[in-house]
Structure formats: C-alpha cells, structure tokens
Amino acid sequence: MSDRRPDPETLLARAREEERRAGRGHLKIFFGASPGVGKTYAMLEEARAKQRAGVDVLVGVVETHGRRETAALLDGLEVLPRRPLEYHGVTLEEFDLDAALQRRPGLILVDELAHTNAPGSRHTRRFQDVEELLAAGINVYTTLNVQHLESLNDVVAQIIQVKVRETVPDSILDEADELELADLSADDLLGRLREGKVYVPEQAAHALEQFFRKGNLIALRELALRRTAQRVDAQMRGYREEHGIREIWPAAERLLVCIGPNPAGARLVRAGKRMAASLQCDWLVVSVDLPGQAVSDADRAALAQNLHLAQELGAQTATLAGQDVAAEVLAYARSQNVTKIVVGKPTHSRWRDKLFGSTLDSLVRGSGDVEVYVISGDEAEPRPPGRPAGRHSPAREYGWAALVVALCTATGALVFRQLSVTDVAMVYLLGAGLVASRYGRGPSLAAVLLSIACFDFFFVPPYLTFAVTDLRYLLTFTVMLGIALVISGLTLRIRDQAESARERERRTGALYAMSRELAAAREQGDVLAIVARHLRTSFGTDAQVLLPDGAGRLALPPGAPASFPLDDKERSVAQWVFDRGRPAGRSTDTLPAAQGLYLPLVAASGTVGVLGVRPTGEAALDDPMALRLLEAFAGQAALALERALLAERAQREQVEVEAERLRTSLLSSLSHDLRTPLAAITGAAGSLLDEQAPLASGARRELLRAILEESQRMNRLIGNLLDMIRVESGALRTQKEWQPLEEPLGVALIRLGDRLKDRAVAVDLPADLPLVPVDSVLLEQVFVNLLENAIKYTPAGSPIDVSAVRDGAVVRVRIADRGPGIPPGETERIFEKFFRSAGAPPGGGVGLGLTICRGIITAHGGRIWAENRPDGGAAFQFTLPLAGPDIPPPPPLE
Amino acid sequence: MAEPLPVVLVVEDEPQMRRFLRTALEQHGYRPVEAGTAREGLMQASGRNPDLILLDLGLPDGDGIDVARQIRARARTPIIVLSARGREPDKVAALDAGADDYLTKPFGIEELLARLRVALRHAARPEGANETVCAFGDVRVDLEKREVRRGRDAVHVTPTEYRILATLARHAGRVLTHRQLVREVWGAHAGDQTPSLRVHLNELRHKLERDPARPRYLTTEIGVGYRLRVD
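Residues numbered from 1 in each chain as written. Chains lettered and ligands numbered in written order. Predicted model: local features only at pLDDT ≥ 70, side-chain atom pairs only at ≥ 80, totals over all residues.

Description of the overall build of chain A
- A tally of helices and strands in chain A yields 26 helices and 25 strands.
- Put simply, chain A has 894 residues, and 34% of those count as buried.
- Long-range contacts, defined here as pairs at least 24 residues apart, represent 69% of the contacts in chain A between residues at least 6 apart. (Helix = DSSP H or I, 4+ residues; strand = E, 2+ residues; numbered from the N terminus. Buried ≥ 20, exposed ≤ 12 C-beta atoms within 10 Å, placed from the backbone. Contact = placed C-beta atoms within 7 Å.)

Right, here's the structure in full:
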C-alpha cells in the first residue's frame, strides 16, 4: 500500500474537530479494569488538587460505596444535592443535571459514566448527561470501567460470562480530552477486596464469586491496558500529524466491514472496530440494498441499528445499492482505498451457493490485492419472533385445508377409473399448492400430509389401508411432500414480501400524500393542519407543532387548537428538543417518561419547530419502522414549514418594500408640493425687497398676487394633511347636528368662490329633503374636496351637477362632472391614500382629498364611491344615514 | 389732528403675526399696541384703554377664552378673536364668552379691516340706539315697521323668521352663534332650537337670496353660527 492519506483531508478533519470542540467542556475519564481499582479515589484527589489551584469544583455525583478513604476525600468539596425521583413508590436519588447546568461550575465530578438513570430523568443514560454538560462548556471528570465499553462488550461477556447491559459508546472514550488509567494488579485488588476496602464486607464474598476471579481480573486488566495504549497511540499519531512528522506512518490501512440486514451484523461491527483499532486505521461499514430483496421489518430495523452502532464506534457508514453485492462492495472498496474487507461467514447451506452463486466466493475472487477476512457472524442475539403469517384463525385454515384435500380425493375418485394413479397424485399436488398459496405453513403441511394419507388410503393398492406394498409409492410420497413444501415455502415468501411491500407502500403513500398536500400549502396554518391530519390518519396519533417565538421559547402557534394538553413538563421536553435539535420523549433515550414523543423539525436554516406526537392507542410508536417514518414526516413538515415561514417573511418584506416605496413617494411628493409654493413666495418676496431694481407697479402687484395665491395653496395642502392625520389617527370626532344639506354645501360653494366662477354648478336639492345629522365642518370639507376634484380633473368651463335624494333610511348625495371620467379599474383605487391617477394634471393634490372624504363619510356611518356616468364624466356619490345608534331623532321643528 | 387714531391692542404670541398686524394696522389708520402673552394682554387692556382688541386664542400662558371673559367683565371693548380652522368649538366658546367676532387664520387684510370697521361701528353706537333700517342687496328690513321688502315688493316672512332676520340685522356684519340667535329669538329657556333655526334660515334664504344655494348675505359661519353681510 503506497497511498498515504492526503494532508488536506487530515487537516480538514482536524479543523472540524477543533471547531466542534470550541466552547465545549474538557472531559477527563478515569479509566479502570474493574471496580475497586481506585478510579473514584484518583478522580477526587485530582479534583482536590484543582480546587487548591483555584478551580471552581463541584461534586455532581460520587459513589463512595461506603469506602472511608474515598469519603474522606469529599471533605471540603462542594457536593451537589441529588434529585429525588419517585418511581413505583420508591424514592431514587439521581444526579441533578439541571441544577448542575444552572450552577455552572468550572469542573464537575460525575462518577460512573455508564450508569443508567432512573426513569423520569431527562436522559436514560448518565453519559448523555455528561454530553450535555460538556456541550454547555463545563469541564467534567468521570470514571469508567472497561467492561462498559461498547466495542469490548462481547469480549467482556466472554470473559466474565455475564452480558453487561450498561454500555457506553467508544466515541466518548476516543473523544475524551484526557484518559487516566487507574491500574492495580489482580493480586492487589483481591487483597483490597479481602480487606473490605472495595465493597462493604457482607457483599464482598458474593461479589468475589460473581466477578472478582483472578482470571477475570487479569483479562479485564489486559483489556483496559490495551485500550489505554491504543488511545495513547492515537494521541501520539495525532501529535505527529499535527506536526507534520510523517516518516514513521504505517502504510495507511482501511478496513471495510460488510453487514447485511440481520442482527448478526452487530458482532461483525464490533469485530471490525477491534481490528481497526489494532491496525490503527480508519474503518467503514457498508450494507448493500438489493432491489427486490425481501427484508422483514425486524431485519431492516436491526440493520439500521447496526449501522448506528458502527457510527457510534467511529466508523464511516454507507448503504450501497445494486444487483450484485460483491461487485458493489468491491467497487466501493476501491473507490475508498480500502485494503481489508471483513465479511461474515455464510450461515446458509452450501447448496444455495452452488445453485445461486456465492457472494463470498465472488468477493474473494474479485478482491485482487484487497484482503478479505471472513469471521464468524453467527447470530449473537435471538431473532425477534416474526409475526404470524396468516391472519385467519388457524382452526378455520386447517378446516379449509382438510376440505381442499377432501375435494381432491373426490376428484381423484372420479378420474381414477379413466386415468392412472400418477394423475391422481397430480390432483393432490394441485390441492396442496392451492392451500399453500392461501394459508400458512401449518395448514399447507397438514394438507400435504393429509393428501399423502388419502392418496395412500384410497388410491394406492392395497386400497383402504395405509399399507404400501409397492415401495415405488414411497418415492411418490416423498416427491409430493417435497414439491408441496417448496411450493408452500415460495408462496409464503411471496406473501410476506407482498405484505411488507404493501405496508411500505401504504406508508410511502401516506408520506407522499402529505408531501403533495404540503407542496400546495402556502400558509403556516395550513401546513400545521395538514401535518396534524396526516399524522392522525397514518399513525393514529395526536400531533402538535410547536413554534418558537422571537425569544426562542416554544409555544403553540396562535389560533392552533391544542390537540393534546401540554403541561409545563411536556413543554420543557419540547423546549429541550428544540434547543438541542435531537428527538426526546416517549420511545427515545431522552426523557422517556414524557407522554409525547417530540421530534425536532430540522430544515436547511436550522430547527424551525418541534413536532409533538402522542399516541392515542397502545404504544404505536415503539416500532422502529414507524419511528423512522415519523422522522420522514417530520422532515417533510420541517421543509414545508420553513417554506411557509420564508414565504411569510418574503411577503412581509414585500409589504415593507411597498410601504417604503409609498413613504418615499409621499415624501418626495410632499416636499415638492410644499416647496413649490414656498419657492414662489420666497422668490416673489425677495424681488419685492430688492431695492437695486425697483419694480413697476404692475410687476409688484403680479408678485404680490403670486405670494397670496401660493400661500392659499399651501394652506389648503396643510389643511388636507392635518385632516388626513385626524382621519388616520382616529381623532376624527363627528359632532352631528340635524341640519339641511344646503348649509355645508353653500359654505363649500362660497369657499371655492373664484375657482368655480366659470362653471355652471347645478344644485338640485328637493324641497322635501329631510334634515340630515352631520358634522357641518367635516361635511363642508367633503363637498370642497369633491368639488375641487371636479375642478382639477375636468376641462375649464364644464358643468358640475350636485344633487341629493332621500333613499330609504339614507340621503344619497351625488356630485357629477362632464370630464374624462375615471380610468378603468381605478374607481376604487382613487380612494387610496396618496394615489394619483396617471392622468392627473400637474400641480394637483397629493392624493389625499378622496381618502379624507372616505374617512369622513365612514365616520358618519355612510359610504362613498365613484363611478363613470354612462353619458360621460365621473360621478361621486355618498350616503348619509338618517338614523343611527349615535344619532337622536330630530327635534320637532317650530 | 382732529381725531385721535383708534387704538387696537394685538394680543398674539407669534412675532411674525404681530409684525404683519402692526404694519397693516398702521397703514390703515390704527394705532397698534402689542402684547405677547395673556398676562400682558390683560394689563394692556386695562392700562391702555384700547378701542378694540385682537385676541389670539392660542396663547402660551393662558386660555384665550378666559382672557375674553375677563376683559368683557370689566369693559365693553370689542374683541375679535383669531383662531385656526378646525377649532370651531373654541370660537363658539369665545363668542359666547363675550367676544364680538372672529377671524380664521390665515386671513387677508381686507377681511381684517372689514371686521374692525363693523366692530368699531357697533361699539360707537350708544347703547339701546338701534338703526331702524337695514339694507342688503335689494332687500330692505325696516325694523320699526317690521317690514321686509325685496325691491319694491313686500316679502312675507313668518314671525319667527322675522325675529331671526331682525336679530341678524341689528348685529349686521357681526357673527352670531347659534346659541345667541336662539336666545334672542326664542328666549333664554327655549332649549335647543338650532335645527329649527337652520330650517328657518334656509327659508329666509329662499325668500331673500338670489341664489339660495350660494347665499351672499345670510351666510353660514360653518360650525359657529350665522352672519348677515351687509357690505
């Protein structure tokens, strides 16, 4: 092997590692071969030294096991009170993670890393607590025995004949910043044990027998020493890599472990880890997904679990897809510069390899310079019992099988006269095949046996006895049995496959249906509703999405009904999930006592929310397939939610841009409208004051008139702005009084005086028009604005008609002109603030007049609108109610 | 100098406004006296004995309406209040408190002078002495004969209409608030007769104005009251 790992890759990996570690706490593990070697003691001693050096040390949890010397070391150290947990009536005391996080010491001691927390704790395992402490930037000292290491789990089990359940991922040991071995020879340990320094005396004898046999202790010590040596070696290599010392690198080995969809893979993975560790090389774990291969849910779950285990043990994992396992594995191995391949021993019979070809064989043949190791892959754990294949009650199935055999016998009896006995055997075969195709293995086997019995009894001489004289028939029976078994086996497999395909299909279909609906959903509320509905139909669970507020606190989205109650505890679980981006709650390792399962909704921009799921039925979520599918749902939901959030943000931004545009145009138009008259006034006044060039009296008058007119224009503009502010700010108070419409209209006409003098203004107010309750000041403004509009937008000299009629409970007023009318599509927009029609003449208003009118008329309880007259021109109409809750009836007139 | 120039007290806090009024008044034969605050205004009003007071309603140190009331409590000096558009309730309050007329800012010099003339004319008249005839346009109101003529024809007006018209005629050129008119016409305890007043006034316009939609003489002071313009 001449290829060396390229430098940049190494450096990148190192950079990533540094980045990951930045801000993390420092982890030191006191590692030992067995209890009693003095790990806790060593840890406490060092902690005391640290405290003397000024470090803020907190004892999170330390088990003294009644050892006096150890307990003495606790003196003078701050000990965190444990958290009492009620479980089935027993009070257990556990490490108080939250208190520790809140206290934030510089260094915390957490004994026994492999400990399993009592139910009701946040995490199931103490090493998860430690992970969280480290993530929070707190330095941790902890202790660990070699038998708890995941990769050594099965080796240890072989040594001590006890399967250790509490294992810790190797990655924790590998990633620990420091590892200190507490070492004691087996004899010394046994001596301490006898002196009662390890366990309290009455337990010692029992413990001795179970665990502390000299042979055990030596083997464990060896394991611990070897593991520590590996670690030190890795450190040394790391140091060398960092400092560019490459001469003594061993040729880079790369190990590839192939696992299949079965529980035996775990053993292969562990073996691979050990090999990789002793070779000091990278290792990969792959599985090959064969299209069309029938894999049971349990096996699929086992595969996923084993790949996960491999990752925990530090392997890089991959799932390949292809028709030929050997070819795929070899191609991948070559692409990854793999030098050694590890596969499991085949467990099936040899003839299958002869018939279908052996994967192992082709792997070895095609491996070239890659070494192939075949190690035992026997099933370490019993397969979980599969589901019974049939769904009908067995008794009925057996009944049907018997009936089929009876029919075959009847048919055989009919044809027996004409045909040979072999044809009758065929009829039975057909029957057995039918039974196998419909029912399970039991009924088909029963059918075959029954068929043989009937065949023998009825059709094989001597008839009506089970005796067989001709030995040739024994062969017939065997063939019948064999063929029936093959048929039933095949059909059963097909049915299983179809079953699992249907299940997959159903779930994929459910996922697809949700994705399709989500694709069409635009609003956050729609997304949430779709997710909740699909989870209910596909999983039978109540589902709820929690979204963070501005401060990152999770809450129910406003308006969303709570599909299940969230107390503070559940909420805190959800919050934890959101903060850490990892699932927690029911069916997980973290906070499993929670009622609901909480999954982070992770999208491209990070965690956008949390999906809470609570099964309504019985533990529907414990099935790993269901969990995986649920995660897929969560992924889809996260993407849709993110899209909705982005869309909302985009829309908000759009609105802001629009508002900004409006503000800008308003400012520019206002500054123009205010400055133009001011410029004229300033200019004119300046000229009048200029004594160097005295003006003719005509010119003086001209300038003075300009000043006056421009001032009036500004006055109108400012009046409009002030009115607008009153309308907008809600400060518009109407002081209604009953009065004839003539009054405000007359005042408006007089106020516009000169500007209307060349117009024919036809006022048509019927004599019987009732008094109207209006605020005369405001209504006059409406008339002025509408009339001014007519003056501005219609040719000089064109007439204006003002009329009013009583229309039921309202008086309808109409101001119509003979101008060009309102451009199509703008009859509503012209009432918008600062809207100016494209055809607006220069020097027109700022686009507030009609908005003010609408504000005033609305405040009167009326309605204002615009339309074009059929025979040309625009008509503005508004209504004024004659009665209303705030208007007393008109007083009697005198 | 045959006759001393009438003294006009200007109570106004805006210097530019004071400057404009000072110039305009001096140019048209008045002697302006200035005050920038309500306090100063009250002092000047009693100390300088002005013939007329121009009183801004938005003074920094006090309510203009109060100032008007205090001045009126001591003297009959005509008061013309100055106020912005949209402050009609203030104007009505000031008028009811004793002010004689008002001007809405911004106003032109002609408007100011017309108001001054009317106010001074009313003040110059000895108390109780009423003009007997009031003419506007082609209308003549004979207050002695209680007769209204338009051109040569007698115009029939109802008694209430006549009382309204006569009240306006006696205060020709001056604004009268709704309340003042109602009290004059119906008496102090008549209650709110404003809608009736408006209806009657509308009737009068139809009888006396050439274009009732755009009245020239019986004008509405929007939100305040009515004024009979005679000039």
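A short note on the sheet that holds strand 13 (residues 371-375) of chain A
Residue and element names in this part refer to chain A.
- An order of 11-10-9-12-13 is seen for the five strands of this open sheet, with the pairing classed as parallel. Both edges of this open sheet fall to strand 11 (316-321) and strand 13, since each of them pairs with a single strand only. The average undirected angle you get between the axes of adjacent strands in this sheet is 25 degrees.
- Of the pairings in the sheet, the one linking strand 12 (residues 340-344) to strand 13 comprises five bridges and is parallel in character. By the bridge assignment for strand 13, I341 is matched with V372.
- Docked against the sheet, helix 11 (residues 265-279) engages strand 9 (254-258), strand 10 (282-289), strand 12 and strand 13, running at close to 175 degrees with respect to strand 9.
- The sheet strands contacting helix 12 (residues 297-312) are strand 10 and strand 11, and the helix crosses strand 10 at an angle near 165 degrees. (Pairing = 2+ DSSP bridges. Axes fitted to C-alpha atoms, helices over the stretch in contact; angles between N-to-C directions.)

Notes on the interface of chain A and chain B
- With 25 residues of chain A at the interface, the matching set in chain B holds 20 residues.
- When contributions to the side of chain A that touches chain B are tallied by element, the ones reaching two or more residues are helix 23 (697-729), strand 19 (737-739), helix 24 (742-752) and helix 25 (776-793) of chain A.
- Looking at the side of chain A that touches chain B element by element, the count peaks at eight residues for helix 24 of chain A.
- For the side of chain A that touches chain B, the per-class residue count stands at 14 nonpolar, six polar and five charged. (Nonpolar A, V, L, I, M, F, W, Y, C, P; charged D, E, K, R; others polar.)

With respect to the pairing of strand 9 (residues 139-142) of chain B
All names here are of chain B.
- Burial along strand 9 is one-sided: V139 and V141 are buried, and none of R140 and D142, which face the opposite way, are.
- Pairing of strand 8 (residues 133-136) with strand 9, which is carried by four bridges, proceeds in the antiparallel orientation. Across the sheet, the residue bridging to V133 is D142, located in strand 9.
- Hairpin connection between strand 8 and strand 9: a loop of two residues separates the two successive antiparallel strands, and G137 in this loop has a positive phi of roughly 55 degrees.
- When strand 9 meets strand 10 (residues 147-150), the two strands line up antiparallel, connected through four bridges. Bridging across to strand 10, R140 finds its partner in R149.

Some points on the environment of L57 of chain B
All names here are of chain B.
- Relative to the assigned elements, L57 resides in the loop between strand 3 (52-56) and strand 4 (58-59).
- For the pair L57 and A68, spaced 11 residues apart in the sequence, the C-alpha separation amounts to 9.1 Å.
- Ignoring anything within four residues of it in the chain, the contact list for L57 reads G64, I65, V81, L82, S83, R87, D90 and A94.

Focus on the nonpolar core
- With 105 residues, the main nonpolar core has A68, V81, A94 and L165 of chain B as its most contacted residues.
- Sorting elements by how many residues they give to this core places helix 25 of chain A first, with 10 residues.
- Counting 50 residues, the second largest nonpolar core, distinct from the first, contains L44, I138, V156 and L173 of chain A. (Core = buried A, V, L, I, M, F, W, Y, C linked by C-beta atoms within 7 Å.)

Examining the environment of V460 of chain A
Residue and element names in this part refer to chain A.
- With respect to the helices, strands and loops of the structure, V460 is situated in the loop between helix 18 (441-459) and helix 19 (472-520).
- Along the backbone, V460 and Y473 are 13 residues apart, and their C-alpha atoms lie at a distance of 7.8 Å.
- Once residues lying within four places of it in the same chain are set aside, the contact partners of V460 are V421, F455, V468 and Y473.

Brief notes about the pairing of strand 10 of chain A
Residues and elements named next belong to chain A.
- Burial within strand 10 is extensive, with six of its eight residues counted as buried.
- For the crossover that starts at strand 9, traverses helix 11 and ends in the parallel strand 10, the hand is right-handed.
- As paired strands, strand 10 and strand 11 are joined by six bridges and run parallel to one another. Opposite L284, over in strand 11, you have Q316 as the bridge partner. (Right-handed = clockwise from strand over helix to strand, strands pointing away.)

Looking at the sheet that holds strand 20 (residues 761-764) of chain A
Residue and element names in this part refer to chain A.
- The mixed open sheet is built from five strands, whose spatial order is 20-22-23-25-24. Unpaired on one side and paired on the other, strand 20 and strand 24 (864-868) mark the two borders of the sheet. Each strand axis lies, on average, 20 degrees off the axis of its neighbour in the sheet, ignoring direction.
- Relative to strand 23 (residues 810-817), strand 22 (residues 800-807) is paired through eight bridges, and the arrangement is antiparallel. Within strand 23, the position partnered with D801 by the bridge is A816.
- On top of the sheet, helix 25 reaches strand 22, strand 23 and strand 25 (874-881); it is set at about 20 degrees to strand 23, its chief contact.

Honestly, that's just the spatial picture; any functional story needs more than this.
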